[in-house]
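The residues making up each chain are set out below.
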Amino acid sequence: MKKFLVISLLVLTVLSFAKVKIQFWHAMGGWRIEVIQNMVNDFMKLNPDIEVEVQYVGSYEEILAKTVAAVQAGTPPHVVQLNEISTQKMIDSGVVVPVQDMIDKDPTFDVGLFLPQVLNYYRVGEKLYSMPWNSSTPLLYYNKTLFKEAGLDPDNPPRTYSELIEACRKLVKKDEKGNVIRSGITWPLYSWFFEEYMALQNKSLVDNDNGRTKKATKATFNNEAAMNFLNLWDKLTKEGLMINTKRADWTAARQLFISQTVGMLISSTSDVALLMNESAKQGFELGTAFLPLPDGAQRGGVIIGGGSLWIIKQKDQQEINAAWKLVKYLAEPGPQITWHQATGYFPIRVDAIQTLQVQGYYRDNPHHLTAILQLLTSVQNYNTNGAIIGAFPEVRDAIETAVEKMISGSITPKQALDEAEKNANKAIKEYF
Ligand SMILES: O=P(O)(O)OC[C@H](O)CO
C-alpha cells in the first residue's frame, strides 16, 4: 500500500511538471522564420510549462489547405496564422475557438488598446474570431536614385495615375537596339491590389456592405473604379512601362525593384525592412509613398491586409489555454514592436506605436511611418473595413485569372472585369 502511494505521488508530481505541448503554424518565410522562433523562445522562457513547436508551412494559400487537411485528419495544429481573406471561411468552418470567448474570460487582456482600423477588419458581427497579428497594407516603393537620374523629383513621388504614367515613361531606359533595359514599375499579379484599389476609391467588392451587415451574395466591383485600375494596368503593360510577374510571385516583383530593373514597386508594407536593407546593399536611396489615385478620385482608404492568429478547437482545454497564452503574448507591445521593426507590418496596438514615437523611432525610420500614416488617414467605413466573403480565396482566383488574360493581351480590361464578376458570383453562389 505504501509502495502504491509513493508511486502515485511520483506519477502525480511528474504529471504536474509535464509541459503542455502545442503547435504553431505560420506562413512567414525567409528571415522572418528566425524572428518568429525567437519571439516564441521568449514566450517559452516566460511560460516554462508550455512547449511550442513552431513550423513554417508555406504560403498563405498552402497553410489554409494544410490546415483544412490537418483538421480533417483529426490532427489540427493549435495556432495557425492565416491571411485576412480566410476570415469568413474559418468562421464558417466551426473548427475555431473565437478569441472573443477567451478575451471575455480574461480580465488581463485589453482589446481597447488595439488600433480600431485593425479591429474593424477582424471584428465580424461585433465578435473577434482571430487575434490580429501581422497587419499590412500596400505601399508605393520608389528608387530615389533612379528618380534623380531620370530627371524626376525624388521628394515628389507620383500621387495620381497620370503622374505615375509620366514617371514610368521617364524611368524607362532602352539600349541602342531599342530593347527596354529598365522599366517603370511592377507589382505582383495578386488580387489584393485590385481589392485595395476598390477601397481607395471608396467602393465595395461585394454587396451587403461588403458582406458585413449580411452575408455577401454577389460581386459589386464591375464599375468605373475597377475599370480605372484595370485600364491603368493594361496601359502600363502595353506601353512597356510595367513588368508583370507570374501570379502571386512576390519575390520576383521585389527582385525587379531590388535589381533596379524597375524604378517603382507596389507591394506590402511587410517589405519595408527588407527593402531598406536591400536598397542599402545595392547602393540606392529608397522612397516610400501612399498609393497613387486615379486622377480626380477622392481618397477612400486602404484595407488591413496580412494575417491573424487562429486558435483551433482541441479536445484538451489545457492546450486551448496554452494557445490563448501564446496568441495573447504575440500581440503584446514588446513582440509587436520587434515584429514591426523586423518586417514593416504595423504594430496592431496604439500603445506600441506611441512607445516608438516617444523613442524617436519614426524620426529615424520614416518608411515605417509612411504605412501607418496611410492607414490612419484612411476613412473608416464598410468599403475600407474590407470585404468578408466565405468564398474569398475563390473570388481572388477569379480576379487573378481574368487579369492574367488581360495582361497577356487576349482580353480587354472590360472583358476581364465581366469575366471576373461572373466567376466571382459563381464562387459566391457555390459556397452557399
Ligand atoms: O503580404 P502580406 O502578409 O502583407 O499580405 C498581403 C495580403 O493581405 C494577403 O492576403
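Worth saying up front: this structure is predicted, and the values here are computed from it rather than measured.

Asker: Where do I start with the environment of M102 in this structure?
Answerer: When you line up the elements, M102 lands in helix α5 (residues 99-105). Look at M102 and you get buried, because its relative accessible area is 6%. Separated by 223 residues in the primary sequence, M102 and K325 place their C-alpha atoms 9.7 Å from one another. Residues in contact with M102, not counting those within four places in the same chain, are V97, I311, I320, N321 and W324.

Asker: Looking at this model, I keep getting lost on empty space enclosed by the protein. Mind explaining?
Answerer: A probe as big as a water molecule, rolled over the atoms, marks out the empty space that is left. For the coordinates displayed, the defined rule picks out four cavities of 30 Å³ or more. In this model, the largest cavity occupies a volume close to 110 Å³. Residue lining of the largest cavity: 18 residues in total, with E195, I303, G386, A387 and F392 positioned closest to the centre. For the lining of the largest cavity, the element with the highest residue contribution is helix α9 (residues 191-200), accounting for five residues. Looking at which domains feed residues into the lining of the largest cavity, each of domain 1 (12-136 + 305-367) and domain 2 (138-301 + 391-431) supplies at least three. Here the second largest cavity defines a volume of roughly 90 Å³. Forming the walls of the second largest cavity are Q88, D92, G211, K215, A216, I388, I389, G390, A391, I428, Y431 and F432. Contributions of two or more residues to the lining of the second largest cavity are made by α4 (87-93) and α21 (413-431). Tallied by class, residues from the lining of the second largest cavity come to seven nonpolar, three polar and two charged.

Asker: Hey, could you run me through the packing of aromatic side chains in this one?
Answerer: Two numbers describe a pair of aromatic rings. These are the distance of the centres and the angle of the planes. Going through the model one piece at a time under the given rule, you end up with 20 aromatic pairs. Measuring from centroid to centroid gives 5.6 Å for F43 and Y329, while their planes differ by 50°, and the two rings are tilted. Of this pair, F43 sits in helix α2 (residues 32-46) while Y329 sits in helix α14 (residues 317-330), and the two are 286 residues apart along the sequence. For the pair shown, F43 and Y329 are each scored as buried. Note on Y361 and Y362: the rings are 5.4 Å apart at their centroids and 80° apart in plane angle, and the pair reads as edge-to-face.

Asker: What exactly am I supposed to notice about the pattern of salt bridges here?
Answerer: Where charged atoms from two side chains of opposite charge approach closely, those side chains can pair. Within this structure, the stated rule accounts for 25 salt bridges. Of the charged contacts in the structure, one is a salt bridge between D92 and K215, with a shortest N-O distance of 3.3 Å. Taken as a pair, D92 in helix α4 and K215 in the loop between α10 (207-211) and α11 (224-238) lie far apart in primary sequence, 123 residues in all. Given a relative accessible area of 31%, D92 falls into the partly exposed group. Notably, a salt bridge pairs K148 with E285, separated by 3.5 Å at the nearest N-O pair. Highlighted residues: K148 in helix α7 (residues 144-149) and E285 in the loop between α13 (272-282) and β12 (286-289), separated in sequence by 137 residues. Among the ionic contacts, a cluster of salt bridges with common partners joins E166, R169, K235 and E239.

Asker: Help me understand the site of the ligand in this model?
Answerer: Around the ligand, 13 residues are found, and the nearest of them are Y60, E84, S136, S268 and Y345. Y345 has a polar side-chain atom sitting 2.5 Å from an oxygen atom of the ligand. Coverage of the ligand by the protein chains reaches 95% of its 300 Å² of free accessible surface. The set of elements that each furnish at least two residues to the shell around the ligand consists of β7 (131-136) and β13 (305-312). Per-domain counts for the shell around the ligand show at least three residues from each of domain 1 (12-136 + 305-367) and domain 2 (138-301 + 391-431).

Asker: Got a minute to help me understand the layout of surface pockets in this structure?
Answerer: Reported here for the largest pocket is a volume of approximately 580 Å³. The set of elements that each furnish at least two residues to the lining of the largest pocket consists of α3 (60-72) and α12 (250-258). Split by domain, the residues of the lining of the largest pocket number at least three in each of domain 1 (12-136 + 305-367) and domain 2 (138-301 + 391-431).

Asker: I keep staring at the packing of helix α15 (residues 333-342) against helix α16 (residues 350-358) and nothing clicks. Help me out?
Answerer: Each pair of packed helices gets described by two things: the angle between the helix axes and the distance between those axes. Two elements in contact, α15 and α16, have axes whose closest approach is 9 Å; the angle formed by their N-to-C orientations is 65°. For the element pair α15 and α16, the recorded crossing hand is right-handed. Counting all contacts with α15, which are made through P333, I337, H340 and Q341, the residues of α16 involved are D351, A352, T355 and L356. Looking at the contact of α15 with α16 residue by residue, the classes come out as four nonpolar, three polar and one charged.

Asker: How should I be thinking about the sheet that holds strand β9 (residues 173-174) in this particular structure?
Answerer: In a beta sheet, neighbouring strands are held together by backbone hydrogen bonds and run either parallel or antiparallel to one another. Pairing is mixed across the open sheet formed by five strands, whose spatial order is β9-β10-β11-β8-β12. With one partner strand each, in any of the chains shown, β9 and β12 form the two edges of the open sheet. In the packing of helix α18 (residues 366-376) onto the sheet, contacts are made with β8 (138-143) and β12, and the angle to β12 comes to roughly 10°.

How each quantity is defined
- Residues numbered from 1 in each chain as written.
- Predicted model: local features only at pLDDT ≥ 70, side-chain atom pairs only at ≥ 80, totals over all residues.
- Heavy atoms only, no water.
- Helix = DSSP H or I, 4+ residues; strand = E, 2+ residues; numbered from the N terminus.
- Buried < 20%, exposed > 50% of the residue type's maximum accessible area, 1.4 Å probe, protein only.
- Contact = heavy atoms within 4.5 Å.
- 1 Å grid on protein atoms, 1.4 Å probe; cavity = no way out; pocket = protein on both sides within 12 Å on 5 of 7 lines; lining within 4 Å.
- Points joined across faces, edges and corners; volume = space filled by probe spheres on them.
- Domains from an automatic or database assignment.
- Nonpolar A, V, L, I, M, F, W, Y, C, P; charged D, E, K, R; others polar.
- Phe/Tyr/Trp six-rings, centres within 6.5 Å; stacked < 30°, edge-to-face > 60°.
- Salt bridge = Lys/Arg side-chain N within 4 Å of Asp/Glu carboxyl O.
- Near = heavy atom within 4 Å.
- Polar contact = N/O pair within 3.5 Å; in protein donor to acceptor, adjacent residues only side chain to side chain.
- Areas by Shrake-Rupley, 256 points an atom, 1.4 Å probe, with all protein chains shown as cover.
- Axes fitted to C-alpha atoms, helices over the stretch in contact; angles between N-to-C directions.
- Left-handed = near helix turned anticlockwise from the far one by under 90°.
- Pairing = 2+ DSSP bridges.

Limitation: the analysis is restricted to geometry and does not speak to function.
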